[in-house]
Amino acid sequence: MNLRIYDPTVLAIELRHRQFGYSVYQGHRQLLDWGVRVYPAVGELEAAMVSKRLISLLRLFAPNVIVVKRERWDKAEVNVHMRGVVDAVKQEAFAHAVPILAITEENVRRSFLNFACKTRDEIAAVLARMFPELVWNLPPKRHPWQSEHRRTIMFDAIALGLAYWQHPSSEIPNAPG
């Protein structure tokens, strides 16, 4: 685990089309808030709704860094739905002077190897043991024929935030555009 002189506030965001999961950490042991923000719109309206929901989190928690998943961020170049969402996050991060850091899915999974976790269900169960306040939010185990539970995105964001403390990340230039 990387040692830091102070405990920054970290906002981890798991981006998806029409929703994002988030978690807010104060240091690596204190989970301040978590949840899912839904924005049932597309196009420019979708980007505006993402901005609105993100601004409320930025104002409430004043994070020192925003953490995103590298693969989702990179897919925005080819995915029309995600492009507007990513641009909205970049613009709000720039407006609030908050750097954006990217962590790969592989690094998130590596963070849980010590717990012998191979699946997202197993990672969510470990997170619920680490943070007992999450137990009631634990999504049911997913079977191959089932779609992802709506709370899974929230646990993905919590895992992403925890992975920030364990792996060096790369900064994404967050100038608007």
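The structure this text deals with has already been given above.
Since the structure is predicted, the reported quantities are computational estimates derived from the model, not experimental observations. (Residues numbered from 1 in each chain as written. Predicted model: local features only at pLDDT ≥ 70, side-chain atom pairs only at ≥ 80, totals over all residues. Heavy atoms only, no water.)

Below, the discussion takes up helix α5 (residues 120–130). What α5 keeps buried is the set I123, A124, V126, L127 and A128. Taken together, the buried residues of α5 touch α4 (105–110) and α6 (152–164). (Buried < 20%, exposed > 50% of the residue type's maximum accessible area, 1.4 Å probe, protein only. Helix = DSSP H or I, 4+ residues; strand = E, 2+ residues; numbered from the N terminus. Contact = heavy atoms within 4.5 Å.)

Pairs may arise between side chains of opposite charge once their charged atoms sit close together. With the rule as written, the count across this model stands at 11 salt bridges. Between E14 and R72 there is a salt bridge, and its shortest N-O distance comes to 3.0 Å. With E14 in strand β1 (residues 9–16) and R72 in helix α2 (residues 70–75), this pair connects stretches of sequence that are 58 residues apart. Taking relative accessible area as the criterion, E14 reaches 1% and is therefore assigned buried. For E148, the salt bridge goes to R120, with nearest N and O atoms at 2.5 Å. With E148 in the loop between α5 and α6 and R120 in helix α5, this pair connects stretches of sequence that are 28 residues apart. Since its relative accessible area comes to 31%, E148 is described here as partly exposed. Among the charged side chains, a network of salt bridges with common partners joins E14, R16, K69, R72, E105, R109, R120, E148 and D156. (Salt bridge = Lys/Arg side-chain N within 4 Å of Asp/Glu carboxyl O.)

Here strand β2 (residues 19–26) pairs with strand β3 (residues 30–38) via eight bridges, running antiparallel. Pairing of Q19 across the sheet is with V38, part of β3. Linkage of β2 to β3, two consecutive antiparallel strands, is achieved through a turn of three residues, within which G27 is found at a positive phi near 75 degrees. (Pairing = 2+ DSSP bridges.)

What follows concerns helix α3 (residues 80–95). Over its 16 residues, α3 runs 23 Å from end to end, which matches the ideal 22 Å to within 8%, given 1.5 Å per residue. Within α3 the residues assigned to the buried category are M82, V85, V86, A88, V89, K90, E92 and A93. Against β1, α1 (44–61), β4 (65–69), α2 and β5 (100–103) lie the buried residues of α3. After α3 finishes, the residue A97 shows a positive phi value of roughly 55 degrees. (Expected span 1.5 Å × (residues − 1).)

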